[in-house]
Number of protein chains: 2
Amino acid sequence: MKFGGTSVADIDRLNRVAARLIERAKSGDDVVAVVSAMGKVTDDLIEQAQQISPSPSKRELDMLLSTGEQVTIALLAMAIQAQGYDAISFTGSQVGIVTDAVYSKAKIVRIDAACVLAALTQKKIVVVAGFQGRTVDGQITTLGRGGSDTTAVALAAGIKADSCEIYSDVTGVFSADPRIAPKAHKIDYISYEEMLEMAASGAGVLSMRSVEFARNYDVVIHCRSSFAPPDQMGTIVKGEDPSMEDAVVSAVTHDTGEAKITIRGVPDRPGIAATVFDTLGQNNVNVDMIIQNVSDAGLTDISFTAPEADISAVSSALEVCLKDIGARTWNIDKDIAKVSIVGAGMKTHPGITARMFKTLADEGINIDLISTSPIRVSCIIAADQAEGAVRALHTAFDLDFEE
Amino acid sequence: MKFGGTSVADIDRLNRVAARLIERAKSGDDVVAVVSAMGKVTDDLIEQAQQISPSPSKRELDMLLSTGEQVTIALLAMAIQAQGYDAISFTGSQVGIVTDAVYSKAKIVRIDAACVLAALTQKKIVVVAGFQGRTVDGQITTLGRGGSDTTAVALAAGIKADSCEIYSDVTGVFSADPRIAPKAHKIDYISYEEMLEMAASGAGVLSMRSVEFARNYDVVIHCRSSFAPPDQMGTIVKGEDPSMEDAVVSAVTHDTGEAKITIRGVPDRPGIAATVFDTLGQNNVNVDMIIQNVSDAGLTDISFTAPEADISAVSSALEVCLKDIGARTWNIDKDIAKVSIVGAGMKTHPGITARMFKTLADEGINIDLISTSPIRVSCIIAADQAEGAVRALHTAFDLDFEE
């Protein structure tokens, strides 16, 4: 049972999480809780570090940030004990979450959860710090964004748990963002592949890494709400079930956190694009979609999208390489949105892409860039048309919830 | 070089400590820093725990409190790096401070400081979390009050350091509290035994445990000020030097933190006092001095002193055992002070005790209880006479500083 920072933001909420864990343990289940730092603690620690250094050592930053979850686990274990149930807390180091040595975004290489299993046989609720691990030689690492989800899934794999329940403030995975598409419905079951495509295209319920981990180790994830009653089901994420007929389209997602960069007047010679995207990669820019226009008099335009957070890295990379290339100008457009449809059944149903384009055209929405995978089609459109596009696609692909 | 919570209370002070460490490293010394939690962090964490439980599990409390020093070491390492010198931080667990499993007041059983020595050969300043360790099987422990001093001394022993410098806001150990005795002088050298007696009788510069550790492992301690210039000597605490003539009396100490408890009308039978002090011991009361008055008609009075902090434990212990004993009444007097003289030369100089009593008598000060060791004499007197007593004794034993 994994609870994020909002679910443990203060003592009252910690006490509520404790009560929930105890209720589950009393029902006869062995219970392991994975928790994040309380509320804004991680942000506060980062701010302290930045008062000292604009770019602190990542090793020392991990040393610092890992204290956030350690405070939560100690207080949560105390809260469980105060409510009359036995509990024990473990840091990522203690629980044997062994990672590589890439500080601030370490990858889990091994889990040695012997102490968790031992505590469970003693009928203790085990409370584990999310987001953190240690290297083989005992250095403290953190797993980066979404790391607590990854801890929970990895630990579930390590102890062969029946399922890994990820609690948040939403009741599950939806066919679209319910704030935009009021007829969106909660999805009961979804495959790892679909969930990965949804996470990559804007659905924020689960981190991609945790879903990848779950797929690789066949961990059943149950996304559910911290605030809903315990018997209310959320969304089960698991392997594709060959006996079930796949929905052609399971969900419509959108993402307004990207920007489109267009470079104009690029000489249309082999290797030019490679130079550009090489430089961007070296600057840690996560380029998403790329399009190169038809050449006109030996010059062409290249457009690509990247997270808005990477814009300053994009700028410094392009400043350097465009002079060498001899491109004319470049500009950044932040007023874009990516709208995607995701569905495992798409593989076997031709014509889905065409129906998406027609739906958007009928709404008077212009498509700027397109990218596809076997189970996803994404279109870049104007930001102010995103909500209409989501609603129209949700209706067009028969996702609307009917009473 | 050990710096307490006040010396690292905020980012500015951390930066100043970093500068001081770098200055020392640049002078050619290998430098290990041991630091406490910043300012009031430990108190804040305890308060959070007590919002959850009035008596939280000591294991979980240690898990919680150990984050305080971990934050300091990470930020101090960043501050050193930001000032251009290489540094690395280690928790108590990482540095191999192995303790017993008595949570909240664990005792160090072994130090495996290989990672410290390795980092020093790489010319790094090593920053270690004070106050904390781990058990043989990896549970996090804390060392209790004064624990960071003990970490520093133990680590100095473990790496065979030339000396262990304990920084605080005073310039060294004084012949009396300078706020009370303006003619008090800083002591240049003092033996472990004298320092232990001083610590036990009210001098707050060093914790008794750290001095005991230093004596057992022959670690030279240098008490000095965080704020004085680096070339200003403080007080060196080391083994007795047979070539030096001992001062008869080295210092006058006082302690107003104790209370005197008097039990009246105790039947004067063998075993009664044992029952009383057994019960007090079981209630974790640290009884200091004891006096039993002359018997009068088969009844006697017993007086003893204990820290004011233990008063509620005293009360509940006595409530229980006095009824069984059949004592008449008991009362608590907090308006007392303990005034002591300490000096290694006392052993070979008879008449010191008599001179102390005469000095106090000349000042019109009544002595309530007396206790002695080979190198200390302590008297309990009225609290409002403590300052006068300290000044008079300081003069009587020729300790006054002359220009």
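None of the values given here were measured: they were computed from a predicted structure. (Residues numbered from 1 in each chain as written. Chains lettered and ligands numbered in written order. Predicted model: local features only at pLDDT ≥ 70, side-chain atom pairs only at ≥ 80, totals over all residues. Heavy atoms only, no water.)

*Asks:* Honestly, the sheet that holds strand β19 (residues 369-373) of chain A in this entry has me stumped. Any pointers?
*Replies:* Sheets are built from strands that pair by backbone hydrogen bonding, the pairs being arranged parallel or antiparallel. Residue and element names in this part refer to chain A. A sheet is described by the order of its strands in space; here 4 strands give the open sequence β13-β18-β20-β19, paired in antiparallel fashion. Single-partner strands in this sheet number two, and they are β13 (251-255) and β19. For this sheet the average axis-to-axis angle between neighbouring strands, irrespective of direction, equals 20°. In terms of strand pairing, β13 meets strand β18 (residues 336-342) through 5 bridges, oriented antiparallel. By the bridge assignment, Asp-255 is partnered in β18 with Lys-338. (Pairing = 2+ DSSP bridges. Helix = DSSP H or I, 4+ residues; strand = E, 2+ residues; numbered from the N terminus. Axes fitted to C-alpha atoms, helices over the stretch in contact; angles between N-to-C directions.)

*Asks:* How do you make sense of the relation of the copies chain A and chain B when you look at a structure like this?
*Replies:* In this structure, two copies of a chain are linked by a rotation about an axis accompanied by a shift along it. For the pair chain A and chain B, the superposition axis carries a translation of 0.0 Å, the fit reaches an RMSD of 0.0 Å, and the rotation angle comes to 180°. Given the turn and translation reported, the copies of this chain are related as if by a two-fold rotation axis. Among all residues of chain A, the one whose C-alpha sits closest to the rotation axis is Thr-67 of chain A, at a distance of 2.7 Å. Most of the interface of chain A is mirrored in chain B: 100% of its interface residues are interface residues there too. (Least-squares fit on C-alpha atoms with pLDDT ≥ 70 in both. Contact = heavy atoms within 4.5 Å.)

*Asks:* What should I look at first to understand the sheet that holds strand β17 (residues 329-333) of chain B in this one?
*Replies:* Residue and element names in this part refer to chain B. Judged by pairing direction, the sheet is antiparallel, and its 4 strands sit side by side in the order β15-β16-β14-β17 without closing on themselves. In this open sheet, the two strands that pair with only one neighbour each are β15 (290-292) and β17. Recorded for the sheet is a direction-independent mean angle of 15° between the axes of neighbouring strands. Pairing analysis gives 3 bridges linking β15 to strand β16 (residues 299-307), with the strands arranged antiparallel. In the sheet register, Gln-292 faces β16, and the bridge partner there is Ile-302. Docked against the sheet, helix α8 (residues 272-282) engages β14 (258-267), β15 and β16, running at close to 25° with respect to β16. Against the sheet, helix α9 (residues 311-325) makes contact with β14, β16 and β17, and its axis sits at roughly 5° relative to β14, the strand it touches most.

*Asks:* Please clarify how the packing of aromatic side chains should be interpreted in this entry.
*Replies:* Describing an aromatic ring pair means giving the distance of the ring centres and the angle of the ring planes. Residues and elements named next belong to chain B. All told, the structure shown has 6 aromatic pairs over all chains when counted by the stated rule. Aromatic pair Phe-213 and Tyr-217: ring centres 4.9 Å apart, planes at 25°, arrangement stacked. Taken together, the positions of Phe-213 and Tyr-217, both in helix α7 (residues 208-217) and 4 residues apart, correspond to about one turn of that helix. Ring plane angle 80° and centroid distance 5.4 Å describe the contact between Phe-277 and Phe-304, whose orientation is recorded as edge-to-face. With a gap of 27 residues between them, Phe-277 in helix α8 and Phe-304 in strand β16 connect regions that are remote in the sequence. Of the two residues, Phe-277 and Phe-304, neither departs from the other in class, the shared state being buried. (Phe/Tyr/Trp six-rings, centres within 6.5 Å; stacked < 30°, edge-to-face > 60°. Buried < 20%, exposed > 50% of the residue type's maximum accessible area, 1.4 Å probe, protein only.)

*Asks:* I tried to follow helix α2 (residues 41-52) of chain B on my own but got confused; where do I start?
*Replies:* Residues that lie three or four places apart on an α-helix share one face, since the helix turns once every 3.6 residues. Relative to the 16 Å expected for 12 residues at 1.5 Å per residue, α2 of chain B spans 17 Å between its end C-alpha atoms, a close match to the ideal helical length. Where the residues of α2 of chain B are buried, they touch α1 (11-26) and α3 (58-82) of chain A together with α3 (58-82) of chain B. (Expected span 1.5 Å × (residues − 1).)

*Asks:* Would you explain the interface of chain A and chain B in this entry?
*Replies:* Often, the extent of an interface is quoted as the loss of accessible area upon association of its parts. At the junction of the two partners, chain A supplies 37 residues and chain B supplies 37 residues. Between chain A and chain B, roughly 2,800 Å² of surface is buried when both sides are summed, and carbon and sulfur atoms account for 66% of that area. Of all residues in chain A, Ile-52, Glu-60 and Met-78 of chain A give up the largest surface area on contact with chain B, accounting jointly for 24% of the area buried on that side. Between the two partners, chain A and chain B, sit 0 salt bridges. Secondary-structure elements contributing two or more residues to the side of chain A that touches chain B are α1, α2 (41-52), α3 and β3 (87-90) of chain A. Among the elements that line the side of chain A that touches chain B, the one with the most residues is α3 of chain A, at 17 residues. Of the residues that constitute the side of chain A that touches chain B, the class distribution is 22 nonpolar, 13 polar and 2 charged. (Buried area = accessible area lost by both parts, 1.4 Å probe. Salt bridge = Lys/Arg side-chain N within 4 Å of Asp/Glu carboxyl O. Nonpolar A, V, L, I, M, F, W, Y, C, P; charged D, E, K, R; others polar.)

*Asks:* It is not clear to me how the confidence of the model for chain A should be interpreted in this structure. Could you clarify?
*Replies:* Close inspection of predicted coordinates is inappropriate for parts of the model with low pLDDT. A residue-level look at chain A finds 99% of positions with pLDDT of 70 or above and a mean pLDDT of 92. Taken over the whole predicted complex, pTM reads 0.87, whereas the ipTM for its chain interfaces reads 0.86. (pLDDT = per-residue confidence, 0-100.)

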